[in-house]
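Tertiary structure, described
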Amino acid sequence: MSKDTNADADVIVVGAGFAGMYAIYRFRKAGLNVKVLEAGSDVGGTWYWNRYPGARCDVPSIEYSFGFSPELEQDWHWPEVFSAQPDILAYANHITERFDLRRDIQFNTRVSAVEYQDEQNLWRLTTETGEILSAKYCVMATGCLSVPNRPHIDGEETFKGRTLHTGLWPKEQVDLTGLRVGVIGTGSSGVQAIPELAKQAGHLTVFQRTPVYTVPANRKAMRSEIEATFKENYADIREMQQKNIGGVSNFSPSRINSSETTSSDKRNEKASEPRSVPTIMTLGKKAIQSLIDERGLGVLLGFRDLLTDPGANEIANELYRENVLRQVKDKDTAEHLLTEEFGFGCKRQVLDRDYYETYNRDNVSLVDVRNSAIQCITETGIETSTGHTELDVLVYATGFDAMTGALTRANITGRQGKPLTDKWVSGPVTYLGLQMQGFPNLFTVTGPGSPSVLCNMLVAIEQHVNWIADCITHLRDKHIDTIEPLASSESDWIQHVNEVSEGTMYTAPNCNSWYLGANIEGKTRIFMPYVGGYPRYKTKCDEEAEAGYPGFQCTSS
Ligand code: FAD
Ligand code: NAP
């Protein structure tokens, strides 16, 4: 119960992924009474739901971890450089126990309505079971990739086999031994799952609509001396993250430890600006191929002109094609695995473990649904324009209704009962991805219009939760009743968000990504995250707070 009102808490947070978890810790520190409502039966969000074989992060775990507790940083051990889902979920559970978070979380509770009560200045939340809770502040920590997208395919209800979605994978072991498995989708989830499913299944058929650009992931175990060096330098790593466009320090223990490295080199390496490095255009195709031979296709991602110079992007594409054609034995399959329709950088970069090699297995086949369109699902499999594939299990790796899906599904209504879906009919409108005008005292964590999915998400989450906690503290100390953005702040910000995305690979006319909402039928095509970089964004947020929130309208009774 909140001290100030007859509400159930000072703040109700929806979602107990990393954002909701950190919110409990941080809001408690600010002296706030907090209650979290979570649809799942435990913490972890993404890492609770996405248990498919092969699921893991694509940011080094030392970096994809919380920075708020130096003791936690020192105590936690990551077994691999890029951790697998079970280890990330174990980390989430460790944090929950270490900071005694569970007592403020109500699990198995899906929120079905979030309504502002004008008279009482309270947010009223209704759960799917009809329970009603209220609080002065509401924080939507509902995730950017938490609403699985399962496209409708005719006949889907007739399928007699088992249907799974990578984003809703069962907790119990799924035994696919000897079974005929079909996978629809070759984004990050599909690419991670396909090699693992192929090892288990009797036969695996991949239904691919758009080929993917994927490069081999770092698959190293964490070596103790490297881990020790990282841990010694954690304070610097966190500082470097704050200065990096994507919230990643790129700290390199080998360079820091090198006896040949001078102290001025060290200073350079710690600075956020990369030193002058060769580009694709200056180095040329032959030299880059030698680098690929030495270190793999991932070297292509290291070139700064890859995403800014169409000529460089084209050379990278040629190299990519040539190398994939060499890896996949069946030339027809290899050709189908490649695209010329769009370049690197339109979609989120995918990292894999043995993706292309998997197509060399006898028990794997590829159906290119651009040439062989899916017509319907039958009782026993999938019918395409060129034939029928018999299946025992069908796996949807078809992604998410990203960034806005969880918010629009929560049925949020603001002042005078105005639905958020009306406000967002032409795409999401927010100020800094943190608040919406007409929805006082409601906050979103990593909302559209913030760097969120273009950033190391744990860095983005900590920054947002800290900002919200400081804002609520300010309101309480100054006896302010409500805060919401000025209409002009919102429109100026959205204009800026659009401007910085124009001319980038992300918004190229031939690019159809979930960043643009293009994966969901009927969704407005608009680039949703902020591409101007995390440091620039954070500066803007800090300036607002330091100046007493001039871009917001506050009311007091
Ligand atoms: P989530 O973890 O999505 O948690 C949101 C929670 O809100 C969920 O548990 C959900 O059940 C709950 N919820 C939603 N709506 C409601 C409702 N109406 N009522 C009650 N509860 C609700 N990011 C990176 O930076 N690096 C990575 O390597 C990376 N890998 C990823 C891999 C996968 C497979 C996926 C899907 C995403 C990945 N991400 C990655 C993004 C990832 O989502 C974030 O890193 C982070 O985990 C998000 O945390 P969150 O708490 O904001 O959201
Ligand atoms: P995704 O990137 O949206 O990929 C979905 C796949 O399903 C695409 O290949 C898509 O094809 C296909 N698809 C969708 N509808 C289809 C239909 N009707 N018929 C045929 N194919 C269809 O989703 P995701 O792979 O789940 O990844 C989403 C995001 O989650 C990632 O971009 C990343 O941010 C995060 N993630 C990260 C990791 C990681 O490595 N850490 C792993 C998994 C997920 P089209 O391209 O043609 O639409």
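Calculation notes
Position numbers for residues count from 1 along each chain, tracking the sequence in the order it is written. To label them, take the chains in the order written and letter them from A, then take the ligands in the order written and number them from 1. Reporting in this predicted model follows two pLDDT cut-offs: at least 70 for local features of residues, and 80 or more for side-chain atom pairs to be given and counted; totals over whole chains, interfaces and linings ignore these cut-offs and use all residues. Hydrogens and waters are ignored; side-chain quantities use all the structure's heavy atoms. Each domain span listed reflects an automatic or database assignment of domains. Every residue pair with non-hydrogen atoms within 4.5 Å of one another is taken to be in contact. When two parts are brought into contact, each loses some accessible area as probed by a 1.4 Å sphere; the total of that loss over both is the buried area. In protein, a polar contact requires one atom able to donate a hydrogen and another able to accept it; more generally it is a pair of N or O atoms within 3.5 Å, and residues adjacent in sequence count only if both atoms are side-chain atoms. For this classification, Asp, Glu, Lys and Arg are treated as charged, while Ala, Val, Leu, Ile, Met, Phe, Trp, Tyr, Cys and Pro are nonpolar and the rest, including Gly, are polar. By disulfide we mean two sulfur atoms from cysteines, separated by a distance within 2.5 Å. Elements are defined by DSSP. Helices are runs of H or I of four residues or more, strands are runs of E of two residues or more, and each kind is numbered from the N terminus. Accessible area is worked out with a 1.4 Å probe on protein chains only. A residue is then buried under 20% of its type maximum, exposed over 50%, and partly exposed in between. Here, proximity means that at least one heavy atom of the residue falls within 4 Å of the molecule or strand. What sets the accessible areas is the Shrake-Rupley method with a 1.4 Å probe; for residues, cover comes only from the shown protein chains. By the convention used here, strands pair only if DSSP detects at least 2 bridges between them. To get an axis, fit a line to the C-alpha atoms, keeping to the stretch in contact for a helix; angles then go from 0 to 180 degrees between the N-to-C directions. Orientation is classified from the angle alone, with under 35 degrees giving roughly parallel, over 145 giving roughly antiparallel, 65 to 115 giving roughly perpendicular, and any other angle giving oblique.

1. What to know about the domain arrangement of the protein chain
Annotation of the protein chain at the domain level lists domain 1 (9-43 + 101-147 + 401-549) and domain 2 (156-216 + 279-396). If you average the C-alpha positions of domain 1 and of domain 2, the two centres end up 33 Å apart. Across the contact, 9 residues belong to domain 1 and 11 residues belong to domain 2. Here domain 1 packs against domain 2, burying approximately 820 Å² in sum over the two surfaces, 51% of which is carbon and sulfur. The three residues of domain 1 that bury the most area against domain 2 are M505, N510 and Y515, which together make up 52% of that side's buried surface. The interface formed by domain 1 and domain 2 holds 2 residue pairs in polar contact (both at pLDDT 80 or more) in total. Across the side of domain 1 that touches domain 2, the residue classes tally to 5 nonpolar, 4 polar and no charged.

2. Regarding the state of the cysteines
The final tally for this structure, using the stated rule, is 1 disulfide. Disulfide partner of C346: C511, at an S-S distance of 2.1 Å. The S-S bond linking C346 to C511 shows a torsion near 85°; that makes this disulfide right-handed. Residue C346 is found in the loop between α13 (331-336) and β11 (350-352), and its partner C511 is found in the loop between α18 (487-501) and α19 (534-546); the two are separated by 165 residues along the sequence. Considered together, C346 and C511 belong to a single accessibility category, that of buried residues. Not engaged in a disulfide, the cysteine C144 finds its nearest cysteine sulfur in C455; these two sulfurs lie 11 Å apart.

3. Side note on the site of ligand 2
Taken together, 22 residues surround ligand 2, and among them S189, R209, T210, K347 and R348 come closest. G187 is positioned such that a nitrogen or oxygen atom in its backbone is 3.4 Å from an oxygen atom of ligand 2. When ligand 2 sits alone it has 910 Å² of accessible area, and the protein chains cover 86% of it. With 3 residues, helix α5 (residues 188-200) is the largest single contributor of residues to the shell around ligand 2.

4. A closer look at the environment of L434
Here L434 lies in the loop between α16 (420-423) and β18 (442-444). The class for L434 is buried, based on a relative accessible area of 0%. Spatially, the C-alpha atoms of L434 and V445 are 6.4 Å apart, while their sequence positions differ by 11 residues.

5. Remarks on the site of ligand 1
Contacts to ligand 1 come from 31 residues, most closely from E38, T46, D58, Y64 and V111. The backbone of F18 places a nitrogen or oxygen atom 3.1 Å from an oxygen atom of ligand 1. W49 places a side-chain nitrogen or oxygen 3.1 Å from an oxygen atom of ligand 1. Within the complex, 94% of the 980 Å² of free accessible area of ligand 1 lies under protein. Elements with a contribution of two residues or more to the shell around ligand 1: α1 (18-29), α2 (46-49) and α17 (457-477). No other element matches α2, which puts 3 residues into the shell around ligand 1. A breakdown of the residues in the shell around ligand 1 according to their chemical character gives 18 nonpolar, 10 polar and 3 charged.

6. Topic: unusual backbone geometry
With phi around 70°, M403 is a residue other than glycine that occupies positive phi space. By the element assignment, M403 lies in the loop between β16 (393-396) and α15 (405-409). Of the residues examined, M403 reaches a relative accessible area of 2% and is grouped as buried. A positive phi angle is found at T446, which is not glycine, with a value near 50°. Relative to the helices and strands, T446 resides in the loop between β18 and α17. Of the residues examined, T446 reaches a relative accessible area of 5% and is grouped as buried.

7. Topic: the sheet that holds strand β13 (residues 374-377)
If you walk across this open sheet you meet the 3 strands as β13-β14-β15, and the pairing is antiparallel. Lying at the two open borders of the sheet, with one neighbouring strand each, are β13 and β15 (387-390). Strand after strand, the sheet turns through a mean of 20° between neighbouring axes, direction not considered. Pairing between strand β14 (residues 381-384) and β15: 4 bridges, direction antiparallel. Note that in β15 the partner of G381 across the bridge is E390.

8. Here's the deal with the environment of H152
With respect to the helices, strands and loops of the structure, H152 is situated in the loop between β6 (132-140) and β7 (162-165). The spacing of H152 and C376 is 224 residues in sequence and 9.7 Å in space, taken between C-alpha atoms. Side-chain polar atoms of H152 contact the side chain of E156, separated by 3.1 Å.

9. Notes on the packing of helix α7 (residues 234-243) against α19
Axes are the key here: two packed helices are described by the angle between their axes and the distance separating the axes. One can describe the packing of α7 onto α19 by two numbers: an axis separation of 6 Å at closest approach and a directional angle of 85°. When the axis of α7 is compared with that of α19, the two are roughly perpendicular. In this structure, α7 uses Q241, Q242 and K243 to contact α19, whose residues at the interface are Y534, P535 and K538. Among the residues forming the contact of α7 with α19, the class breakdown is 2 nonpolar, 2 polar and 2 charged.

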